[in-house]
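Fold and geometry: a report
Given next are the chains, with one letter for each unit.
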Amino acid sequence: MNRFGGDIFMGVLDDGTVVGVPEKAAPDMVKNFIAVISNPALFSPTVYLTPEVIKDEKGHSIIHVHIPPSAEVHSYKKVVYDRVDDADVKVTATSQIAAMYIRKQNIFTEKKIYPFVTMADLRLDLLPRIRQMALTHAGGKHPWDHMEDQELLQSAGLYGMDISTGEKGYNLAAIMLLGKDHIILNACPAYETDALVRKVNVDRYDDREIIRTNLIESFDLLMEFARKHLLDKFFLENEVNVSLRNILAREMISNTLMHREFTSTYAAKFVIEKDRMYVENASRASKQGIITPENLEPNPKNPIISSFFRNIGRADRLGSGVRNLYKYSKYYSGAEPTFMEGDVFRIIVPLNDAYSFDFGQNGRSNQSNQSNQTGLTEEEQKLLNWIKLNPDMTNTLIAESLDWSVSKVKYYVQKLKRANKIKRAGTSRKGYWEVFEEEDN
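The following refers to the structure shown. (Residues numbered from 1 in each chain as written. Predicted model: local features only at pLDDT ≥ 70, side-chain atom pairs only at ≥ 80, totals over all residues. Heavy atoms only, no water.)

1. Describing the overall build of the protein chain
When helices and strands are counted, the protein chain shows 14 helices and 21 strands. Over its C-alpha trace the protein chain gives a radius of gyration of 24 Å, about what one expects of a compact globule, namely 22 Å for 441 residues. A fraction of 60% describes how many contacts in the protein chain between residues 6 or more apart in sequence connect residues 24 or more apart. Looking at the protein chain as shown, the accessible area adds up to about 22,400 Å², and 51% of this sits on carbon and sulfur atoms. (Helix = DSSP H or I, 4+ residues; strand = E, 2+ residues; numbered from the N terminus. Rg over C-alpha atoms; globule rule 2.2 N^0.38 Å. Contact = heavy atoms within 4.5 Å. Areas by Shrake-Rupley, 256 points an atom, 1.4 Å probe, with all protein chains shown as cover.)

2. So, the sheet that holds strand 9 (residues 159-161)
If you trace the three strands from one edge of the open sheet to the other, you get 8-10-9, paired in antiparallel fashion. Whereas interior strands pair on both sides, the edge strands pair on one side only; in this sheet they are strand 8 (113-114) and strand 9. (Pairing = 2+ DSSP bridges.)

3. Some words on the packing of helix 7 (residues 215-229) against helix 8 (residues 244-258)
The packing of two helices is summarised by the inter-axis angle and the distance between the axes. For the pair helix 7 and helix 8, the least separation of the axes is 10 Å and the interaxial angle reads 145°. Helix 7 and helix 8 meet at a crossing whose hand is right-handed. In this structure, helix 7 contributes Leu215, Ser218, Phe219, Leu222, Met223, Ala226 and Arg227 to the contact, and helix 8 contributes Arg245, Asn246, Ala249, Arg250, Ile253, Ser254 and Leu257. (Axes fitted to C-alpha atoms, helices over the stretch in contact; angles between N-to-C directions. Left-handed = near helix turned anticlockwise from the far one by under 90°.)

4. Structural notes on the nonpolar core
If you look at the biggest cluster of nonpolar residues, it comprises 89 residues, and the most contacted ones within it are Leu158 and Met176. If we skip the residues at most four places from it in the chain, Met176 touches Ile184, Cys188, Tyr191, Asn214, Leu215, Phe262 and Ile305. Residues Met1, Ala26, Ile63 and Ile67 belong to the second largest nonpolar core, which totals 13 residues. (Core = buried A, V, L, I, M, F, W, Y, C linked by side-chain atoms within 4.5 Å. Buried < 20%, exposed > 50% of the residue type's maximum accessible area, 1.4 Å probe, protein only.)

5. Here we look at the packing of helix 12 (residues 378-389) against helix 13 (residues 395-402)
Two elements in contact, helix 12 and helix 13, have axes whose closest approach is 11 Å; the angle formed by their N-to-C orientations is 115°. The handedness of the crossing between helix 12 and helix 13 is right-handed. Counting all contacts with helix 12, which are made through Lys382, Leu383, Trp386 and Ile387, the residues of helix 13 involved are Ile398, Ser401 and Leu402. Tallied by class, the residues present in the contact of helix 12 with helix 13 amount to five nonpolar, one polar and one charged. (Nonpolar A, V, L, I, M, F, W, Y, C, P; charged D, E, K, R; others polar.)

6. Here we look at helix 9 (residues 303-311)
Burial within helix 9 is extensive, with nine of its nine residues counted as buried. The secondary structure elements touched by the buried residues of helix 9 are helix 3 (127-137), strand 10 (168-171), helix 5 (172-178), helix 7 and helix 8. Just beyond helix 9, the residue with positive phi is Gly313, at close to 80°.

7. Notes on the side chain of Ser329
Relative to the elements of secondary structure, Ser329 occurs in helix 10 (residues 320-333). Polar side-chain contacts of Ser329 include one of 2.8 Å to the backbone oxygen of Ala335. With near-sequence residues (within four places) excluded, Ser329 lies in contact with Leu248, Asn324, Gly334, Ala335, Glu336, Pro337, Val349 and Pro350. (Polar contact = N/O pair within 3.5 Å; in protein donor to acceptor, adjacent residues only side chain to side chain.)

8. Here we look at the sheet that holds strand 7 (residues 87-91)
Across the sheet, four strands lie side by side as 2-5-6-7; this open sheet has antiparallel pairing. Sheet topology places strand 2 (43-44) and strand 7 at the edges, where each strand pairs with a single neighbour. Pairing of strand 2 with strand 5 (residues 75-76), which is carried by two bridges, proceeds in the antiparallel orientation. Paired with Phe43 across the bridge in strand 5 is Tyr76.

9. Looking at the side chain of Asn302
On the secondary structure map, Asn302 appears in the loop between strand 17 (289-291) and helix 9. Residues contacting Asn302, with those up to four places away along its chain left out, are Glu110, Met258, His259, Arg260 and Phe262.

10. Topic: the pattern of salt bridges
Under the definition given, this model contains 25 salt bridges. Here Arg131 makes a salt bridge to Asp149, at a shortest N to O gap of 2.8 Å. Taken together, the residues span a long stretch of sequence, with Arg131 in helix 3 and Asp149 in helix 4 (residues 149-155) at a distance of 18 residues. The exposure class of Asp149 is partly exposed, given its relative accessible area of 25%. (Salt bridge = Lys/Arg side-chain N within 4 Å of Asp/Glu carboxyl O.)

11. Some details on helix 13
Every buried residue belonging to helix 13 is among Ile398, Ala399 and Leu402, and all of these are buried. Along the long axis of helix 13, the arc covered by the buried residues comes to 100°, so they all point the same way. Where helix 13 terminates, the next one or two residues include Asp403, which has phi positive at roughly 60°. (Arc of directions from axis to C-beta.)

12. Concerning the environment of Pro300
Turning to its location among the elements, Pro300 is positioned in the loop between strand 17 and helix 9. Here Pro300 falls in the buried class, since its relative accessible area comes to 3%. Counting along the chain gives twelve residues from Pro300 to Ile312, while the straight-line C-alpha distance between them is 17 Å.

13. Side note on the environment of Val200
As for its position among the elements, Val200 is in the loop between strand 11 (193-198) and strand 12 (207-211). Along the primary structure Val200 and Lys274 are separated by 74 residues, whereas in three dimensions their C-alpha atoms are 8.2 Å apart.

14. What to know about the pairing of strand 11
Within strand 11, five of the six residues are buried, leaving the element largely enclosed by the surrounding structure. Note: strand 11 against strand 15 (residues 268-273), six bridges, orientation parallel. Bridging across to strand 15, Asp194 finds its partner in Lys269.

Written as structure tokens, this is what we have:
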């Protein structure tokens, strides 16, 4: 966490040999791991991570923990460690520790200290509810339950020191999560989330709500807006009725609240249209292009805020949002979402009020509910038709012809490949596309 993040695999030797951990001991090992990282006397600041017990093809139990880079400098038993190649190095020199703080503060603007902000500027009335949410999410036991207000804020990384100036105080993450409205407006004058419905009046809007309050209550208001304007379709998962609407809205809303660049003047949006809904916000992108489950590289934009959301159950581990949206969007509308990374980050989830996964699962065709009779989206069908006419074209030439980006072409090519609609024969430059008609599949 003090360096660039990584992964821990318990039950795997240094040479990659999988030996596993005793299956009966795995749950206790997970509990002990969580107890250590949640204990402020051992691990400071504390952190929220989610160990996962997985099995390999031979049945070995392995405990996997994904660890994101942190906006904080963490210590274990009051000793700061840094990761250099495969070694854990104790960092004792003040200059080295200072360099770690400076490196992290240059990356994460949520760490900016506001020395004149006091507890009176924060919505402390939200803390009892936050404690209860953390308790519920953690199964009835969470270190925040017995902490005083100031101790909780410090444990969550909301109060700290700028090692380059010596200033102590609450940071931007604290202001955005718990600040009173006028304090938020003072720190980030352009901050807002514009929630819109455009189904009839597409040039303006049918309903609108501009939200400029703290992230905790912003989440509630945006979820209520989604419940008001989206269908809650029937769906059973493992014989339990779950709300696809709430799952999709939760992932989209938590993402746009956690991972935006708050210092930007770009206004974040949550828009519901007739055939899609989307969120977009300013981002500090590490790369540009389409994100899929296959090329996903979790990269927290605001680790302190993200950790806080995970503690209270409003987000899961990094990367789970992409996978959940891909999984449940197909059940909700019959089509996959689109993730576009760049200076402006966008998540687009297709909508189809006529589509019902349950209707199709009951033995009756839901093909008439798809975007077309082939089950493809408009973009996929457009690309497929073009490839049929121009099988020799490369991705670059297709992008120029359709006025698309190359990354967009590659994204939809992969979707057509997974749907077994096309196959590339030969090389990427001198080959050609094979198109499989319905009778060939």
